Each structure stands twice: as structure tokens, then as C-alpha cells.
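Single-letter residue listing:
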Amino acid sequence: MFIIRSFLYEPFQIPSGSMMPTLLVGDFILVEKFSYGIKEPITNKTLINQKHPKRGDIIVFRHPIESNINYIKRIIGLPGDKIEYNVNNKKIKICVNYLNTHNCKNTLPISYSKKQLTEFIQRIYLFPEDHLKTEKIYNSVHFKVIEENINNLKHNILLLDEVHNHTNNYYQQDKKHKFTWIIPKNKYFVMGDNRDNSLDSRYWGFVPEENILGKASIIWISFEKKENEWPTGIRINRIGNKIY
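Here's a quick rundown of the structure. (Residues numbered from 1 in each chain as written. Predicted model: local features only at pLDDT ≥ 70, side-chain atom pairs only at ≥ 80, totals over all residues. Heavy atoms only, no water.)

Further remarks concern the overall build of the protein chain. Scanning the protein chain from terminus to terminus reveals three helices and 17 strands. Counting across all 244 residues of the protein chain, residues that qualify as buried make up 43%. Put simply, the protein chain shows about 14200 Å² of open surface, and 52% of that area lies on carbon and sulfur atoms. (Helix = DSSP H or I, 4+ residues; strand = E, 2+ residues; numbered from the N terminus. Buried < 20%, exposed > 50% of the residue type's maximum accessible area, 1.4 Å probe, protein only. Areas by Shrake-Rupley, 256 points an atom, 1.4 Å probe, with all protein chains shown as cover.)

Here it is, written out as C-alpha cells:
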């Protein structure tokens, strides 16, 4: 078991909805520890190089600031890329190898499908005018889903038209425009598929390659549950699904 968990596969629970609709709260996944090489299990130092992470991979990694916490996100930007995020239409632009060329002549084709309503619901809390009241007032709004196609890498993302990102908390590089990031060598830009409910590289920066624990591979079991609540059943149709 030590060998399997250290070098081959390690189970990981999806604790939040930041990767919806791809991964749901209650999904238990297997993480391939050998996807990007063989690493020493304690320090995570690479012993044998195999290959580098690719755009579109869903990875589990140690948070770059709070290293005792493991996160799961999708790789959007590779080392050297320039990422621009439009906070109004919530779309991204990727200039490949900008760090070396300093121009956007090589921009990846990115397209988006039409929005469709989903059954996923988000509660948006409203504060009453009388702040002495303890009762919370909220609206329930439905997520919309669209397909994001980055250079023929397709995946679905969730959006909330009623929600505007907390842009004041966005990570800003020194001497760079806001909502624009140039990815340093050996680092990656990651985002959650639930774009309006994900703390990711937009907020805290880049993921060093040495922090990456592995690639999410399959769902080995899935419980019907909500955040911070006990399971109420099993999602049979999700067991054994590959993760893309």
C-alpha cells in the first residue's frame, strides 16, 4: 500500500464544487502519481523525469502558499504563456511562448458554445437593510453551462451571470496589467471549471511544477452529497468514469 500510494495511485476526495460540472462534491478519484515522473513521496522531489503536464490536464497539487492543503484544478496556461482574462464576458486569451517572444502572434484559438441552463443551483446571500437582523436572505440562481474549446481541448464550464468575480482580490504580477499574467518557467496557471466559484491562479498565482502530485484519472466511487454534509446515496452512473 505504501508503494502504491507513494508512486502509483492515491485516492483524493472532491471536497467542494470548484470543478463542477466535471467533478462533483462526493466524487472520490484516483490520482496517477507517475503521470509526470517518479517523485520521492516525502519531499515530492522528482527522481525520474517522464513528461511535463499538458494543457487541459486536471491535476492535484500542493497549494503554493498553504502547502499543507491539496487542491484540484485544470491546467489552462503553460510555462511562458501570457494569459488574459476578460472579467466582463469571463473568457480567456492565451498567447503561447510570450515569455520568449514578447508578442502575441501565436494565440491559441478559443471558442465558446451558447449558454444552457443547468439543474445546479447556487445560493447568493443578500444582507438585509437592518444589519442588526441575524436572518440571512438569499436568492437561488441556476448555473449555466458552456463548452470551452481551447485549441480542440474541449470541456464544460459553469458560469453565474448574476455573479461578478471579486476582482479586487485578483493576483497581480509586478509591473503587469491587471487580469493579465505571464507564466514563469516551470510554473502553471490553473483554473476551476466552476469559474465563478473557484479560488485558483486568478487569486493566488502560479503552481510550481514541484508542487504537482499527479494527474486525476478516474472516479472510483461517487457519493450523493453536499458540502459539509453526510452522503445520502451513491451515484452509480459516475463510478469508473475517466476524467477529462
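The rest of the description comes next.
Throughout the structure, instances matching the rule amount to one disulfide. Bridging C95 to C104, the disulfide has an S-S length of 2.0 Å. One disulfide, between C95 and C104, carries an S-S torsion of 95° and so falls in the right-handed class. On the accessibility criterion, C95 (0% relative accessible area) is buried. C104 sits in the partly exposed class, given a relative accessible area of 27%. (Disulfide = S-S within 2.5 Å.)

On to the packing of aromatic side chains. This structure, assessed with the given rule, holds twelve aromatic pairs. Taken together, a centroid distance of 5.0 Å and an interplanar angle of 40° make the contact between W181 and F189 tilted. Overall, W181 belongs to the buried group, its relative accessible area being 0%. Pairing F189 with F206 gives two aromatic rings, centres 6.4 Å apart and planes at 55°, and the pair type is tilted. Separated by 17 residues along the polypeptide, F189 in strand β14 (residues 187-191) and F206 in the loop between α3 (201-204) and β15 (207-208) bring together distant segments of the chain. (Phe/Tyr/Trp six-rings, centres within 6.5 Å; stacked < 30°, edge-to-face > 60°.)

So, about a nonpolar patch on the surface. Taken together, I234, I236 and I239 make up a surface patch of nonpolar side chains, about 280 Å² in accessible area. As for its position among the elements, I236 is in the segment after β17 (233-234). (Patch = residues over 30% accessible without salt bridge, like charges linked within 9 Å, V, L, I, M, F, W, Y side chains within 5 Å. Salt bridge = Lys/Arg side-chain N within 4 Å of Asp/Glu carboxyl O.)

Here P53 lies in the loop between β4 (46-49) and β5 (58-62). In this structure, the C-alpha to C-alpha distance between P53 and Y36, residues 17 residues apart in sequence, is 6.4 Å. Residues in contact with P53, not counting those within four places in the same chain, are Y36, I75, L78, Y188, E209 and I212. (Contact = heavy atoms within 4.5 Å.)

On to the pairing of strand β2 (residues 27-32). As paired strands, strand β1 (residues 9-13) and β2 are joined by five bridges and run antiparallel to one another. Paired with E10 across the strands is V31, a residue of β2. Here six bridges tie β2 to strand β16 (residues 212-224), and the two strands are oriented antiparallel to one another. Looking at the pairing, D27 lines up with S222 of β16. (Pairing = 2+ DSSP bridges.)

Core analysis: the biggest nonpolar cluster contains 28 residues, and F61, I92 and F189 have the highest contact counts within it. At the level of elements, β5, β6 (70-77), β7 (82-86), β8 (91-95), β11 (137-150), β12 (153-159), β14 and α3 are the ones that each hand at least two residues to this core. Setting aside residues no more than four positions away along its own chain, F189 makes contact with R74, I75, I76, G77, I83, W181, I183, S201, R202 and F206. Listed in part, the 13 residues of the second largest apolar core include M19, V31, V60 and A216. (Core = buried A, V, L, I, M, F, W, Y, C linked by side-chain atoms within 4.5 Å.)

For the bond from M20 to P21, the omega torsion is 5°, close enough to zero to count as cis. Among the structural elements, P21 can be located in the loop between β1 and β2. Residue H102 is not a glycine yet carries a positive backbone phi of 60°. You can see H102 is positioned in the loop between α2 (98-101) and β9 (110-112). Residue H102 is classed as exposed on the basis of its relative accessible area of 57%. The phi torsion at N228 lies on the positive side, around 60°, for a residue other than glycine. In this structure, N228 sits in the loop between β16 and β17. Relative accessible area serves as the criterion here: at 79%, N228 is assigned to the exposed category.

Close approach of charged atoms lets side chains of opposite charge pair. For the structure shown, the criterion picks out 13 salt bridges. Ionic pairing is found between R74 and D193, a salt bridge with its closest N-O pair at 2.8 Å. On the criterion of sequence distance, the pair formed by R74 in strand β6 and D193 in the loop between β14 and α3 is long-range, its members being 119 residues apart. Taking the shortest distance from any N to any O, the salt bridge between D200 and R202 comes out at 2.8 Å. As far as the burial class goes, D200 and R202 line up, both buried. Taken together, the shared-partner salt bridges connect D27, E224, R235 and R238 into one network.

So far we have only geometry, and geometry alone does not tell us how the molecule works.
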